[in-house]
Amino acid sequence: MKQKGKNVNLAIMLAVITLFQLICAFTLIEKGESKNRLNIIITFAGYIAAEYLYFIGSRLFLGRRSFEVELIAFLLTSIGLSVTASVYPSLAVKQLVAALLGIAGFVVLQIILRDIDFCMRMRYPAAFLAFALLAFTLVFAKFTNGAKNWIYIGGLSIQPSEIVKVLFIFVGAATLEKLQSNKSLTKYLIFALGCIGTLFLMYDFGTALIFFFTFLVISFMRSGDVRTLILVCAAALMGGVLILRFKPYVASRFEAFGHVWDYFDSSGYQQTRVMIYSASGGLFGVGLGNGKLRNIFAATEDLIFGVICEEFGWIMAAAILLSYGALLVYSIKHSRYARSSFYAICACAASALMLFQASLNVFGVNDILPMTGVTLPFVSRGGSSIISCWMLLAFIKAVDRGTYRYGGVRQ
Amino acid sequence: MKSISRRALTLYLLIFVFLAGSVLTYYRLAVNADKWAMNKANRHLYTDGGLATAGDITDRNGNVLVSTVNGVRTYSNDVSVRKATLQTVGDGAGYIAGGIQTSFKDELTGYTILDGIFNLKRYGKGNDVATTLDSDICKAAYSAMNGQDGVVGVMNYKTGEIICIVSTPTYDPLNKPAEEKEGMYLNKFFKGLYTPGSTFKIITLASAIDNMPNLENMTFECKGKNGKGQIQIGEGYVFCSGVHGNIKIEKAFNQSCNCAFASLADALGKDKLTATAEKLGFNTQMNKINGKISRSSSIIKLDGSSALDVGWAGIGQYTTLVNPCHLLTVVSAIANGGTAVEPYLVSKITTPSGKTLYTSKTNNSTEYFSPTTAQKLQKYMRSNVENNYGDYRFSGLTMCGKTGTAEISDSEDAKPNALFAGFSSNPDYPFAIIVVVENSTYSIKTAVPVASKVMAAVKKAYS
């Protein structure tokens, strides 16, 4: 009986989400220029097809019963896709391809995570790969908008630090057997310090902060050693103060924080515009395509929360915020029944990472935190970011016992 | 495993912090939404720093004073109407702080927290604001001012509807001058403060009527030489424009005898004079017009003043200051039998779909004068027009009034401000008027003719 109920839930939820996506698609087709129609049709048709393929495949061939996390991710991704298709119709298909790659990565990573022994063996290669990717970026990237975090390969721009997020959690969590030993934590500490230090050298402070936060969550989950973590935080805080003290230009990037209205046309420009246009949206928004924030720099990336407040309204924006909370609640709840602490740590770290990143993004543009220029998970435009988010979702999916119930899991 | 899941529970703390941050975000959004949405950088509402898309502002006869046509803010096609109503209607860029376009931004753009500016998108315009102004009377007043700086205000003393406001210097919003003139962004009717001069004698007289039962039998002395009277008050002298000899109160009011009113003020003392003025709203924060447009408060400050200062204050000099809208409300209260009506400017706000959002109501709750005092003041002000200013200037209006010529500087070359405050006691034309002409000569030569022309236009319009 319970399972039947869940099927109905899936069908209803899927229908609601599809309806939302169709409404977005038709709005864009109706309002957009005719030359963009094909792009929009391809984007939405491709996306909805992938969505149904995934759900029907998982249900029929894998016998999956619960789809909460995927429903959330599919909905968030389609909101981002709609905004991208509306603001940059020519980039919609590219964003779709990235999302499909992300979904593929999500499926593949789930398969990899099934074999815990394999994962344990892969932790050193993964650590090496993570560090190599960051070092490569540091050497070869050029400054883009004040940070050195983009690599350009044949017309494609890639942000390797996004992929490293996945590896960072993988490496951190894959040490479960030596649980509660401070020695094993030391190695991870060195690895984390290396990653975060490299990000600092790239001036990518937002991502560095996300890595540091994730490191704290993983360390806490592994050791429960609050004292050491407080020590680490204190050291980091001192380090941060020293950086701000001796590198004043770093501090100047955050000069507008707390009083963006005084920097209305300079470093508070984006934040104030987000507030102005969020306010214009009201509870129900002015409608997709009718906004004005979209004309401001980085509207579909850093400022996308404002675009959603303006065009979809405050209620939809609140639903997005709650989604990140829901993913973490899901991870915490399923940690209790997880087959392995590896899964529990992975899931909690991945969902905490996304929650933290969403906080930096949303509170950053609303001047509650300094604006660090990080993306809103699943929603912001950007290939690396969307792929990374979907792969992180595999960690959350893996903690659910139901995920590997029917193909057997190696223990 | 147990320890891991226990530690995982600690992560609920993160969710709690995240939710707290989200609540804070939404709280700040909800509290500031209105202010943020109305920011001039909002391209939904403004182009090139000017309000572009908003509802119509109309006068009492439905004439459009400003509206949005094809995304452009369009003013009346009569240049005199544009100039005459500019400070009241306000400019789109917000230079004129108390203009309707600034004070009623929310209403004109149709902004609500619920829908944001969605209605603006849907209808291409916001809510319409209907005012009590009569653009023909405003135009007549603007032309009567004939290029002089100052204020004209007319209101219905029974209902509180303000039918005319003109504040000069003004400019044509379609052809803004490169050179700014002092005061052109100011609605002097609401924001101006003037030395009242002899118009303040109305208030001194009211205080005397209330406090001196023997007033009508009193005789005042105005003696002097070379055509100038003077009287000693305390340590010094108050001077008069004429030599009126021995004079009774009605005559003294007609002739605006400074000696008589300075000695009345001296006899009343600063406490009683201040008490009367404060009962009429001096030194009090005035209610905003329609709850939106703020105005200056009239001031009388006699703490620590000498007897001579009080004497000068009694004839509207010294440090007394009046706001034109307030003085108009005071004379309206006299006309209305003592009860002051709250002046208002916006009569109705309607949505693009025709729903009425707001209708103003006449609010006459404050008693400024007792009915007997009001009646006596009416009689004396009527006598001024009959015996001094001339009924021929206000034919058919049974006009009552008081002039004032306010010295605003000790310098010999300085020109005074000329004032006139009055009302028609003909029940067919229940209108009161205030006129201020700056840098003028005697009010009978400047302010009274302006009042005469404007009241003639009022009479013509409401016959």
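What counts as what
- Residues numbered from 1 in each chain as written.
- Chains lettered and ligands numbered in written order.
- Predicted model: local features only at pLDDT ≥ 70, side-chain atom pairs only at ≥ 80, totals over all residues.
- pLDDT = per-residue confidence, 0-100.
- Helix = DSSP H or I, 4+ residues; strand = E, 2+ residues; numbered from the N terminus.
- Buried ≥ 20, exposed ≤ 12 C-beta atoms within 10 Å, placed from the backbone.
- Contact = placed C-beta atoms within 7 Å.
- Pairing = 2+ DSSP bridges.
- Axes fitted to C-alpha atoms, helices over the stretch in contact; angles between N-to-C directions.
- Parallel < 35°, antiparallel > 145°, perpendicular 65-115°, else oblique.
- Left-handed = near helix turned anticlockwise from the far one by under 90°.
- Nonpolar A, V, L, I, M, F, W, Y, C, P; charged D, E, K, R; others polar.

**Student:** Lay out the confidence of the model for chain B with the relevant residues and their values.
**Tutor:** On average, chain B scores 90 in pLDDT, and the residues at 70 or more come to 100%. If you check the scores for this complex, the pTM reads 0.78 and the ipTM reads 0.93.

**Student:** Run through the environment of T219 of chain B, naming residues and quoting values.
**Tutor:** Residue and element names in this part refer to chain B. The topology assignment puts T219 in the loop between α9 (201-211) and β9 (220-225). Given 11 C-beta atoms within 10 Å, T219 falls into the exposed group. Residues T219 and Q148 lie 71 residues apart in sequence; the distance between their C-alpha atoms is 39 Å. Not counting chain neighbours up to four residues away, the residues in contact with T219 comprise N246, I247 and K248.

**Student:** Lay out unusual backbone geometry with the relevant residues and their values.
**Tutor:** Note that the residue after T168 of chain B, namely P169 of chain B, is joined by a cis bond; omega there is 5°. Along the chain, the position of P169 of chain B falls in the loop between β8 (162-168) and α8 (188-191). In this model, D367 of chain A sits at a positive phi of 65°, which is unusual for a non-glycine residue. With respect to the helices and strands, the residue D367 of chain A is situated in the loop between α15 (341-365) and α16 (383-398). Unlike most non-glycine residues, T398 of chain B shows phi in positive territory, near 45°.

**Student:** Any chance you could break down the sheet that holds strand β17 (residues 399-406) of chain B for me, citing the residues and the numbers?
**Tutor:** Residues and elements named next belong to chain B. The strand order across the open sheet formed by five strands is β8-β7-β19-β18-β17, and the pairing between neighbours is antiparallel. Each having just a single partner strand, β8 and β17 make up the two edges of the open sheet. Taking the axes of each pair of neighbouring strands and ignoring which way they run, one obtains an average angle of 5° across the sheet. Examined bridge by bridge, strand β7 (residues 150-156) and strand β19 (residues 431-437) share seven bridges and lie antiparallel to one another. Paired with G150 across the strands is V437, a residue of β19. Contacts from helix α13 (residues 324-335) reach β7, β18 (417-424) and β19, with the element oriented near 145° to β19.

**Student:** Report on the packing of helix α3 (residues 68-87) of chain A against helix α14 (residues 314-335) of chain A, specifying residues and quantitative values.
**Tutor:** Residues and elements named next belong to chain A. Where α3 contacts α14, the two axes come as close as 11 Å, and the packing angle between them is 155°. Classified by the angle between their axes, α3 and α14 sit roughly antiparallel to one another. Classified by chirality, the crossing of α14 by α3 is left-handed. Across the interface between the two elements, E68, V69, I72, L76 and I79 from α3 touch I320, S323, A326, L327 and Y330 from α14. Taken together, the residues of the contact of α3 with α14 break down into eight nonpolar, one polar and one charged.

**Student:** Talk me through the sheet that holds strand β3 (residues 156-158) of chain A; I want residue IDs and the actual numbers.
**Tutor:** Residue and element names in this part refer to chain A. The strand order β1-β2-β3 describes an open sheet built from three strands, whose pairing is antiparallel. Whereas interior strands pair on both sides, the edge strands pair on one side only; in this sheet they are β1 (142-144) and β3. Here the average twist between neighbouring strands, direction ignored, is 55°. Here strand β2 (residues 147-153) pairs with β3 via three bridges, running antiparallel. Across the sheet, the residue bridging to I151 is I158, located in β3.

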